Structure formats: C-alpha cells, structure tokens
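If you want the building blocks of each chain, they are given just below.
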Amino acid sequence: MNIFQSLIIKKVTGAYPALKELVGAALFENPKNPEFGDTALPCFRFSSVLKKSPAAVAEELRNLFEEDDSFESVTNINGYLNFKYRKERYIEYVCGSFEKNTLFNDIKSYGGGKTVVIDYSHPNVAKNMGIHNLRSTIIGQSIYNIHEFLGFKAVGVNHLGDWGTQFGKLMWALEEWSSYEEVENKGILFLNEIYVRFHNEAEIKPELEEKAREWFKKLEDNDEPALKWWKLFIKVSMDAYNDIYRRLNIKFDHITGESFYIKFLDDTVNRLDERGLTEFSEGALVVKFDDSENMPPCLLKKSDGATLYATRDIAAAMYRLIEFKPNRVLYVTDVAQELHFAQVFKVMEMYDPTNKDIFRHIKFGRLSFPNVQMSTRKGNIVPLSEVLDRARDKVLDIIEERNADIPDKLQTADKIGIGAVIFNDLSVSRIKNIEFDWDKTLSFEGETGPHVQYSYVRIMNILEKTGSFDTIADLSLIKDEFSYDLIKLLEQFEPKVKQACEEYEPSVIANYLIELSKSFNRFYQNNRVVGEEVKTMQSRAYLINILGTVYGKCMDLLGIPKIDKM
RNA sequence: GUACCCAUAGCUCAAUUGGAUAGAGUACCUGGCUACGAACCAGGCGGUUGGGGGUUCGAUUCCCUCUGGGUAUACCA
C-alpha cells in the first residue's frame, strides 16, 4: 500500500468508522482502464454496511476528497471510486522509495529470518541429468532466490538419489564389461550406456537381476569393492551435475543423498511405532489413513523387511525438522509425486500435529519433448547438457547473422541459450505441462528470454552513455505518459515479488519482467535520453537507472543471465 | 472404478484471487530506421472463457453435472 492509499483509508474510516473492518490493502485495485485513474476503491462491499447502493456510497465517499490536493481527480464510476494521484507527488514518492535502496531494505525484512528449506533438483546418481530434471532445478533455484531476497533464511537441499538396486546392476555390469579407469575417463554418459546394455541383456537373461541384487547387498554390507564403485559413481555424477549447475547458476547449501538417511531408518520406524501409527497389512508394515483422506496406506517396510522411498523421505523430513528447525519445508517435484508427498506429509502430521503447516509439495507439470518417451532404461532421455549446447549453437548462428562483431560470442550465446531455456520454463504457471519447442524457446521476439535480455542490454547501454553525474535529478521534468506508466509499474515490484513468494510462482516475476520490458520499450521509442538537454537527460537517466536496478533484480531472481552486448 | 490436476483468440499463455468493456505474445495484414541497438514501436484482424445448471448486486474465478486431456492409485524411486 502506498501513501496515497493510506491517506484514502484514513479519511474513509475517519468519516465512516463502521467501515473499519472492511478496509484493507486488498481492497484497492488497479483500474483496468488507466483513463479511470491510478488506483480504485470498489464500494460494493460497503453498500451492505451503509445500506446504500454502491454508486451512492461511492458518491458520498467522493465528497470527502473535494478539498484534497493529493489527487488530481476523484471520480465515481459504476460503484468504483477512482483516484488520480497528483503526478509530481507520486513520482517523487515512488522514486524516493527506491532512493538509497530503502525499498529494497523494506522488502528484505519481509521474511523476518524465518527458515525455509527447499528441496530441489535431486537427480539420480549415475543417471545423466535430463530435461526432466530441469524444471525442479530452475523452479527450485528461483524460489530459493526469491525467499533469500525477501529475508528468509533459505536452505537449499539437493537430495541425491544415491541408493538402490540400480547400483547393483551397474556394479555387476562394470565388473564384467569394463574397468574403474574406463568409467573415470568416460564419465556419466558411459554409465548410462552400461545401464541400458544391462537392461537389454537382462531381458534375455533374467538371472542378471539376481546378480544385481547380490551386488547391492554387498554395498549395503559395506563391502570394499562395492563401496569403491559406489563412490566412483557419485564422483563421476557430481562432476557432470556441477558442470550444469555452474552453467545455470544453481547453488545448494546441503547435498545429502538418500544413503545418508539409511542409519536413521530404524529409529524413524520405531518412533512411528511408539505413537501407535503402524500396523501390518498384507505382510507389509504400513501407516493407514482415515477413510476421509481417501489415500492408500503408506508403506514403510516391504514384506521382506526392506524399507521404501516413503520411509526414507519420512526419515529425511524428521532429520530436517531437527537439523534446520524450519518454518517451512518445500519439495519441488513433478506433479506425479503428489500422492507420495500427501502420504508422507500426513504421516508427519499424525506423528506431530504441529507439523501440519510446515511441509509443502511445490508441484509442477510435465516438460516433454515432442515424440520422445522418457525412459532411462531404454536410454532415450534427452541429456540436459545437450539441450543447453544445442541452444547455444542455434543462438550462435543467429548472432553471426545479426550482430557478428560483439565480443565473447560463444559465452554470450551460451548465456542467451540458457536464459531462453529458463524463461521458457518459468514464464508459465508451474502446474501447466510444457511441450518443449525449439522455435518458440529460442525466438528472439515477443515474450521470450532473449527479448528480456535484449531490453536489459538497451537499458544498460543508455546508462553507459549518460555516465554518472553528481547533481540531483529534477523529477519535475518527468511529465510524459510513458515515464508515468513506467513508474506505476515500478511501484508493482514489491507486491509482485511478494506474490511470487507466497504462491511459490516464479512466473509472476517472469510476467512482470515482460510488462517492464514492454513499458520500457515504449518509453524508449518516445523519449530520448542521450543527447537531450542536460536536465532532461539527467531526470530520464535517473528513472532508467531505477528501472535497471529493478529489472536486473528480477532477472537475478529467475536466474536469467545478464548480458552487456548481444 | 476412485482421487487429484488441466481446459480462455488459429497457436502459447495472462486476468489484481468474486469486480469495470476478458488482456498479452505469436501467426496473418498495414505503417515506422539519416535514431540511446528495428531482437523495437504504432495500428488492424481474432472470444458463447469446453457444454449445461446453480450460488449473488456481480462468475474465467466458487458449487453440482457432463465432455475431452493428463497424473496417481501397496511392497520401484
């Protein structure tokens, strides 16, 4: 809420105390048609309290502002009370709030240091990171960035899939067909090949599955050769993952695989036992839910006594509660795991009712390639590194065509490719399924990553050319509608970032970035900065400088690389 | 079978969380570079918000139902 809106509320509740309970920030709306005004107060909800029609209420309230010189006009249209701010005061107010980063400081206290644990990316060791890992990784990182910016204590967790019989398969296969050195040299793609080959052979010779189980048992028993293989898998995998994380600017505070929680499993099951939550059903140890939950039971142990995915996630959840004392724990995964997390969270709540509001499944829709079925076993997943390389190469072609003389072409192309891939993902609501489309993603026009980066380049070029100056900009020179629209949009920065945080929706910021870009480009078309009369240039450069800060921050929050020249 | 999610312009998506004449991009058709970068700007075309009921001052939004698509559904993760 800005100072004008505070003033409106103060006057309205002063004159009509009965409205006090109804009036709040949520009541103000941005008029659909900017001709109406800068902010609007819908009077529909007041009408029942004051026993008058909305239009009559609006008319009465309008009279309160007859003498008020904070507003250029106050009009009553269809039950909406529309306010036009006194422009120069509004401009001063918005620009002032960005001055010396006071607004940023205000935003940064929003989280109040509350701890939010965010579990994202979590690739499966020895498996190549594919396009299916992409969404979790970049959505998770963006949510992390947003929380951190808003003053939460964000804890990024990479929960590696580093345990299970698939490692037994690899160990047996490598002992037979390969060597430690070969794996070390050829890396993770080689492990994928071996994995596929194992499954092909196992279709003919089912006894191989038994061999794999034997090797996994060796691993569970800390057998030295098995352990050596396993450690190699992790090293080779992390090398590959870190390459991608570096390119995408992904960071974690804790990297702990499933194997880390093995030692807590017995204790976890015991705790649930002590609360009387467990029972045997069809030979398996389960937690059953109330009928109203409409969920199948959560399996803790198979009939053979082995633990399951859910058991490990419950153990991990309990560990995180103790280790991080979080106010919230977010799991950024595919929507397909909805039931799994619903079960795990319910078990956590049954164990301790105060856990009810802590855990959240941040689910997202499928990202698919046209005509590609994902299956690691068949080996036809699309490796993420190849996607990024291909994006870079396609961008490189376009750069050669349009602007061949920029420096660091390869590096720039990589950043544009990455920005394109990230923006393509983050610009739509999480829940939507996305079919990856090269042409759409790498298009340089319209609502795309390259376009967002291009506008930033233009902003920065202006600032580079105006240089810095000591004199204070004369804001009264800002009068045109394009600047004013831009300023109104800049005021939205704080609410937009908060909304993105509350809804765990980076797309809110992506869409805001598009709005900023459009508004800036209109400004750019109609207002020159460089070459104008000094005072005018300074006032415009001042505005563009604020825009650059906000724009750049939004790019940072999404993880879109910033570029000087493109 | 059951549960959850999705359905808005030819296509990809928004819509201030129940508000004003449902908005952008793209595609298509016009017009604009002797310019701080035309990867841009201005204009045009395009809608029974999947169908039908209901709730109310007001529904793309909430409820019911039907249709179409997706996901999950006990010893994989």
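In this text the structure is predicted, and so the values were computed from the model without any measurement. (Residues numbered from 1 in each chain as written. Chains lettered and ligands numbered in written order. Predicted model: local features only at pLDDT ≥ 70, side-chain atom pairs only at ≥ 80, totals over all residues. Heavy atoms only, no water.)

Novice: What should I look at first to understand the confidence of the model for chain A in this one?
Specialist: Detailed reading of predicted coordinates is not advised where the pLDDT is low. Summing up the model confidence of chain A, the mean pLDDT is 92 and the portion of residues at 70 or higher is 97%. Scored as a whole, the predicted complex attains pTM 0.95, and scored at its interfaces, ipTM 0.96. (pLDDT = per-residue confidence, 0-100.)

Novice: Hey, could you run me through the packing of aromatic side chains in this one?
Specialist: Centre-to-centre distance and the angle between the planes together describe a pair of aromatic rings. For the coordinates displayed, the defined rule picks out 39 aromatic pairs. Measuring from ring centre to ring centre gives 6.1 Å for Trp229 and Phe233, while their planes differ by 25°; the resulting arrangement is stacked. Of the two residues, Trp229 and Phe233 both sit in helix α11 (residues 224–248), 4 residues apart, roughly one turn of that helix. Taking the relative accessible area as the measure of exposure, Phe233 reaches 0% and is therefore buried. Seen from their ring centres, Phe436 and Trp438 are 5.1 Å apart, and the 80° between their planes marks the pair as edge-to-face. Grouping aromatic residues by their ring pairs yields a cluster made of Phe4, Phe65, Phe71, Phe83, Tyr85, Tyr90, Tyr93 and Tyr484. Between Arg197 and the ring centre of Trp177, over which it is positioned, the NZ or CZ distance is 3.7 Å. (Phe/Tyr/Trp six-rings, centres within 6.5 Å; stacked < 30°, edge-to-face > 60°. Helix = DSSP H or I, 4+ residues; strand = E, 2+ residues; numbered from the N terminus. Buried < 20%, exposed > 50% of the residue type's maximum accessible area, 1.4 Å probe, protein only. Lys NZ or Arg CZ within 6 Å of the ring centre and 35° of its normal.)

Novice: Honestly, the pairing of strand β7 (residues 278–281) in this entry has me stumped. Any pointers?
Specialist: Looking down a regular strand, the side chains alternate between one sheet face and the other. Judged from the 4 bridges that link them, β7 and strand β8 (residues 284–287) form a sheet pairing that is antiparallel. Bridging across to β8, Thr278 finds its partner in Val287. The loop that links β7 with its antiparallel partner β8 comprises 2 residues; one of these, Glu282, has a positive phi angle of about 50°. (Pairing = 2+ DSSP bridges.)

Novice: Honestly, the pattern of salt bridges in this entry has me stumped. Any pointers?
Specialist: A complete count under the given rule lists 33 salt bridges for this structure. Residue Glu59 is joined to Arg62 by a salt bridge in which the shortest nitrogen-to-oxygen separation is 3.0 Å. One end of the pair, Glu59, and the other, Arg62, are both in helix α3 (residues 54–63), 3 residues apart, so they sit about a helical turn from each other. Here Glu59 falls in the partly exposed class, since its relative accessible area comes to 31%. (Salt bridge = Lys/Arg side-chain N within 4 Å of Asp/Glu carboxyl O.)

Novice: It is not clear to me how unusual backbone geometry should be interpreted in this structure. Could you clarify?
Specialist: When glycine is set aside, most residues are seen to have a negative phi, and most peptide bonds are trans. In this structure, Ser121 is a non-glycine residue whose phi angle is positive, near 75°. When you line up the elements, Ser121 lands in the loop between β4 (115–119) and α6 (131–149). A positive phi angle, near 55°, is found at Asn294, a position not held by glycine. Among the secondary structure elements, Asn294 is positioned in the loop between β8 and β9 (298–301).

Novice: Is there a simple way to think about the protein's contact with RNA strand B in this case?
Specialist: In the neighbourhood of RNA strand B, 61 residues make up the surrounding shell, with Tyr80, Lys302, Phe444, Glu503 and Asn527 lying closest. Taking Ser281, its side chain carries an N or O atom lying 2.9 Å from a base nitrogen of RNA strand B. At 2.9 Å, a backbone N or O of Val530 approaches a base oxygen of RNA strand B. Those elements that provide at least two residues to the surface near RNA strand B are α2 (44–50), β3 (80–85), β8, α13 (309–324), α14 (338–351), α18 (449–466) and α21 (506–526). No other element matches α18, which puts 7 residues into the surface near RNA strand B. For the surface near RNA strand B, the class distribution of residues is 25 nonpolar, 15 polar and 21 charged. (Near = heavy atom within 4 Å. Polar contact = N/O pair within 3.5 Å; in protein donor to acceptor, adjacent residues only side chain to side chain. Nonpolar A, V, L, I, M, F, W, Y, C, P; charged D, E, K, R; others polar.)

Novice: Just checking my understanding: could you explain the environment of Arg89 for this structure?
Specialist: If you trace the backbone, Arg89 turns up in helix α4 (residues 87–98). The class of Arg89 is partly exposed, set by a relative accessible area of 36%. Residues Arg89 and Leu557, 468 residues apart in the sequence, show an inter-C-alpha distance of 30 Å. For Arg89, the contacting residues outside a window of four places in its chain are Phe4, Asp69 and Ser70. A distance of 3.1 Å separates the side chain of Arg89 from the side chain of Asp69, its partner in a polar contact. (Contact = heavy atoms within 4.5 Å.)

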